[in-house]
Amino acid sequence: MDVKVVIDCDPGLDDAVALILAHRHAEVIGITTVSGNAPLKATTANALLVTALLGADTPVHAGAARPLAGEPVHASEVHGESGLGGAAPVEHERVPASDDAVTFLLEAAGEGVWVLALGPLTNLALAIERDPTWPRRIAGLSLMGGGIGPGNSTAAAEFNVFADPEAAARVFESGADLTMCGLNLTRQLRTGDAFTARLHGLDSPAARFAVPAFDFLHGRVEALTGRRSAALHDPCAVLAVTHPELLVTRPRHVRVELEGRLTRGMTVVDERPLRPAPEANAKVAYTIDAERALDLVVEALAAD
Ligand code: RIB
Ligand code: CA
């Protein structure tokens, strides 16, 4: 029996791969979108596009167009202005089910329903604000965000947390059964030209979509870092729920820095060897079986 999931995301190239992977290994009962890699209108359109190429009628509910505080930030330098740079267009008739992601998140919560958060956490924070019992009514929350060590948006902060630190702080303090797949983990799952070559010759809609998308992503990362090798972030948060045996997590207390002039948006993971250990509010992922994970991604892209 597939696990039931709701996916909150900001497609985004890695979000798109995560959506495809989730549709192969879980019952995706709904998608909510948020401003992040691209503005909300684009991330919502991209979620509809990906579900259309899968032939899935998964409802897509648009959510927050801006963070709880401050101005929206985007990642067009990586994902392109559209959020799905390089991806082939897909003709479809799909439209959003609503523009009220928060109500959908609150109503979808229930026995055995997991939430996968792949973008800034604004929608989840607003859901918690409206119903503080929500975090305990979902089966669990697996998020891509934060990390231990270097950030990507800044030296200290990862994009999803940096884009809405106040929302992230609320989510980490909410009491949810939270698994954190941060950059320390997701940078272990890497794609490059050798990965893209595995997709050549696969005659599926998802593979035809993914090949130019990965070429675009690798080109953008090469321009930024000098290496044609990208971390495949969001699929990690999917696999933490669909294939938990591939990851090693440890209980940790995690807080989000809101005030630091240089560190705003940093996830501060308490790793002190104290006895008793500081009370944990998250299962922090430390390792992933990257070879098996990439095999699962290729299989998901190859499926018709
Ligand atoms: O820092 C990586 C995260 O930010 C991923 O979720 C990517 O899609 C962007 O949203
Ligand atoms: Ca994302």
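Please read these numbers as outputs of a predicted model, since none were measured by experiment.

Trainee: Hey, could you run me through the overall build of the protein chain in this one?
Mentor: Check the secondary structure of the protein chain and you find 13 helices and eleven strands. For 304 residues, the compact-globule formula gives about 19 Å, and the C-alpha radius of gyration of the protein chain, at 18 Å, lands near that figure. Principal-axis analysis of the C-alpha atoms gives the protein chain an extent of 55 × 40 × 40 Å. Here the protein chain, with 304 residues, has 57% of them falling under the buried criterion. Long-range pairs, those at least 24 residues apart, make up 80% of the contacts in the protein chain between residues at least 6 apart in sequence. Total accessible area on the protein chain is roughly 12500 Å²; 53% of this is exposed by carbon and sulfur atoms. For the protein chain, the separation between the mean place of its 25 positive charges and that of its 39 negative charges on side chains is 5 Å.

Trainee: What is the right way to read the nonpolar core from this model?
Mentor: Most often, soluble globular proteins keep nonpolar side chains buried together rather than apart. In this structure, I7, V50, F209, F214, L247 and L301 are the most contacted members of the largest nonpolar core, which totals 62 residues. Excluding residues that lie within four positions of it along the chain, V50 makes contacts with A16, L19, I20, L84 and F209. Counting residues in hydrophobic clusters, the runner-up holds 34 residues, among them F104, A117, W134 and I138.

Trainee: Got a minute to help me understand the environment of F104 in this structure?
Mentor: The residue F104 is located in helix α4 (residues 101-108) in this model. When near neighbours in sequence (up to four residues on either side) are disregarded, F104 contacts V6, I29, G30, I31, T32 and H61.

Trainee: I would appreciate a short explanation of the site of ligand 1 in the present structure.
Mentor: All residues in the neighbourhood of ligand 1 are listed as D10, D14, D15, N37, L118, M144, N152, E158, F159, N160, H233 and D234. D10 places a side-chain nitrogen or oxygen 3.0 Å from an oxygen atom of ligand 1. Take E158: an N or O atom from its side chain is 2.6 Å from an oxygen atom of ligand 1. Expressed as a share of its isolated accessible area of 270 Å², the protein-covered part of ligand 1 is 96%. Of the residues that constitute the shell around ligand 1, the class distribution is three nonpolar, four polar and five charged.

Trainee: What am I meant to see in the packing of helix α1 (residues 13-25) against helix α12 (residues 234-242) here?
Mentor: Packed helix pairs are characterised by how far apart their axes lie and by the angle those axes make with each other. Axis separation between α1 and α12 bottoms out at 7 Å; the angle between their running directions is 20°. On the basis of their axis angle, the class for α1 and α12 is roughly parallel. Crossing geometry of α1 relative to α12 is assigned as right-handed. The residues of α12 that touch α1, namely those facing D14, D15, V17, A18, L21, A22 and H25, are D234, P235, V238, L239 and T242.

Rules used throughout
Residues numbered from 1 in each chain as written. Chains lettered and ligands numbered in written order. Predicted model: local features only at pLDDT ≥ 70, side-chain atom pairs only at ≥ 80, totals over all residues. Heavy atoms only, no water. Helix = DSSP H or I, 4+ residues; strand = E, 2+ residues; numbered from the N terminus. Rg over C-alpha atoms; globule rule 2.2 N^0.38 Å. Buried < 20%, exposed > 50% of the residue type's maximum accessible area, 1.4 Å probe, protein only. Contact = heavy atoms within 4.5 Å. Areas by Shrake-Rupley, 256 points an atom, 1.4 Å probe, with all protein chains shown as cover. Lys, Arg positive; Asp, Glu negative; His and termini not counted. Charge placed at Lys NZ, Arg CZ, Asp CG, Glu CD. Core = buried A, V, L, I, M, F, W, Y, C linked by side-chain atoms within 4.5 Å. Near = heavy atom within 4 Å. Polar contact = N/O pair within 3.5 Å; in protein donor to acceptor, adjacent residues only side chain to side chain. Nonpolar A, V, L, I, M, F, W, Y, C, P; charged D, E, K, R; others polar. Axes fitted to C-alpha atoms, helices over the stretch in contact; angles between N-to-C directions. Parallel < 35°, antiparallel > 145°, perpendicular 65-115°, else oblique. Left-handed = near helix turned anticlockwise from the far one by under 90°.

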